[in-house]
Amino acid sequence: IGRLVDTCQDGEMILPDPARLWASLPDDARALLTHLRQLAEPHSRLALVGGAVRDLLLGQASASPDLDIVLSGGNVQYLAEQLGVTFSWHPAYGNATLHLPGGVYADLVSARREHYPVAGGPPVPLPGSLEDDLARRDFTVNANALELQAGGDMRLLGLANSLGDLEARLLRPLHPQSFHEDASRLVRAARLAARLGLHAHLELLEQVPAALNIAPRTPRLMAELRLLLAGRPPDAVRRRPAQPGMGS
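A quick note: this is a predicted structure, and the numbers were derived from the prediction, not measured. (Residues numbered from 1 in each chain as written. Predicted model: local features only at pLDDT ≥ 70, side-chain atom pairs only at ≥ 80, totals over all residues. Heavy atoms only, no water.)

(A) Quick look at the overall build of the protein. Scanning the protein for helices and strands turns up eleven helices and 13 strands. The 248 residues of the protein split such that 45% are buried. Sequence separation of at least 24 residues holds for 63% of the intrachain contacts in the protein that already meet a minimum separation of 6. (Helix = DSSP H or I, 4+ residues; strand = E, 2+ residues; numbered from the N terminus. Buried < 20%, exposed > 50% of the residue type's maximum accessible area, 1.4 Å probe, protein only. Contact = heavy atoms within 4.5 Å.)

Printed below as a string of structure tokens:
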């Protein structure tokens, strides 16, 4: 994939060019994001996050990417209504699933933090910033955002290790309680590792035993298993996470 992060002579970090990432998005994705930014309140923050940004950084952008869009400091339901498309509203989390032409969907979500009162149970959402929303995600490679600013500029945001792990092809949980909160993330790790050629970081492997104890009580586990079986051959996926990364 080439180098995602470089340094200049004085040691300053050089990040990927946000404009180049933006240009790599399909036309319809750029049009949707531009329209949302124009409709959103000027003080709000709007960003493409998660897998779509990860794939852009890897140079593997899909012609029809899954779009996860985070709005901070604005009203998601009002914005979805102003967009003029059919959408499904999820009041518990303040999220809207946009039904776009051609059978394409995009998730427009309210930036939030999450608290898990019971291991493997549903989270309790709390209002948060764009950075908080990145911090609630599953793996470092998914903790990047391409923010569209009100003036038309763009910037790339990421949590610690997010770009370095992506460059090293390492799959690392965001924090020590990641699988304790949601054991279905272990199945998601297998799917990501198989699709993107990632290797399990030692921190991931250390969380596996506890995750297996919680797995039977995780409601989302069956949904992740269905996605796994619908993708690559199960044997290939099953073998992937057992390969530890040596980059830490």
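(B) Spatial organisation of the pattern of salt bridges. Summed over the entire model, instances satisfying the criterion amount to 15 salt bridges. With its nearest N and O atoms 3.0 Å apart, the salt bridge here joins Arg45 to Glu147. Of this pair, Arg45 sits in strand β3 (residues 45-49) while Glu147 sits in strand β10 (residues 144-148), and the two are 102 residues apart along the sequence. Here the salt bridges share partners, and the residues they tie into one network are Arg112, Glu114, Asp133, Arg136 and Arg137. (Salt bridge = Lys/Arg side-chain N within 4 Å of Asp/Glu carboxyl O.)

(C) How the structure looks around the packing of aromatic side chains. Tallying each qualifying case throughout the model produces one aromatic pair. With centroids separated by 6.1 Å and ring planes inclined at 75°, the aromatic side chains of Phe139 and Phe179 adopt a geometry described as edge-to-face. In this pair, Phe139 is assigned in the loop between α5 (130-135) and β10 and Phe179 in helix α7 (residues 178-181), connecting sequence segments 40 residues apart. A relative accessible area of 0% places Phe139 in the buried class. (Phe/Tyr/Trp six-rings, centres within 6.5 Å; stacked < 30°, edge-to-face > 60°.)

(D) Representation of the packing of helix α2 (residues 27-39) against helix α4 (residues 76-83) within the structure. For the pair α2 and α4, the least separation of the axes is 10 Å and the interaxial angle reads 120°. The orientation of α2 with respect to α4, classified from their angle, is oblique. Crossing handedness for the pair α2 and α4: right-handed. From α2, Leu32, His35, Leu36 and Leu39 reach across to α4, where they touch Leu79, Gln82 and Leu83. Broken down by class, the residue content of the contact of α2 with α4 amounts to five nonpolar, two polar and no charged. (Axes fitted to C-alpha atoms, helices over the stretch in contact; angles between N-to-C directions. Parallel < 35°, antiparallel > 145°, perpendicular 65-115°, else oblique. Left-handed = near helix turned anticlockwise from the far one by under 90°. Nonpolar A, V, L, I, M, F, W, Y, C, P; charged D, E, K, R; others polar.)

(E) Expanded view of the sheet that holds strand β4 (residues 67-72). With mixed pairing, the seven strands of this open sheet are ordered in space as β5-β6-β7-β4-β3-β10-β11. Two strands in the sheet have a free side with no partner beyond their single neighbour: β5 (86-90) and β11 (154-158). Direction aside, neighbouring strands of the sheet carry axes that sit 25° apart on average. In this sheet, strand β7 (residues 104-110) lies alongside β4 in parallel orientation, the contact comprising five bridges. Note on β7: the bridge partner recorded for Leu67 is Ala106. On top of the sheet, helix α3 (residues 51-58) reaches β3, β4, β10 and β11; it is set at about 60° to β3, its chief contact. (Pairing = 2+ DSSP bridges.)

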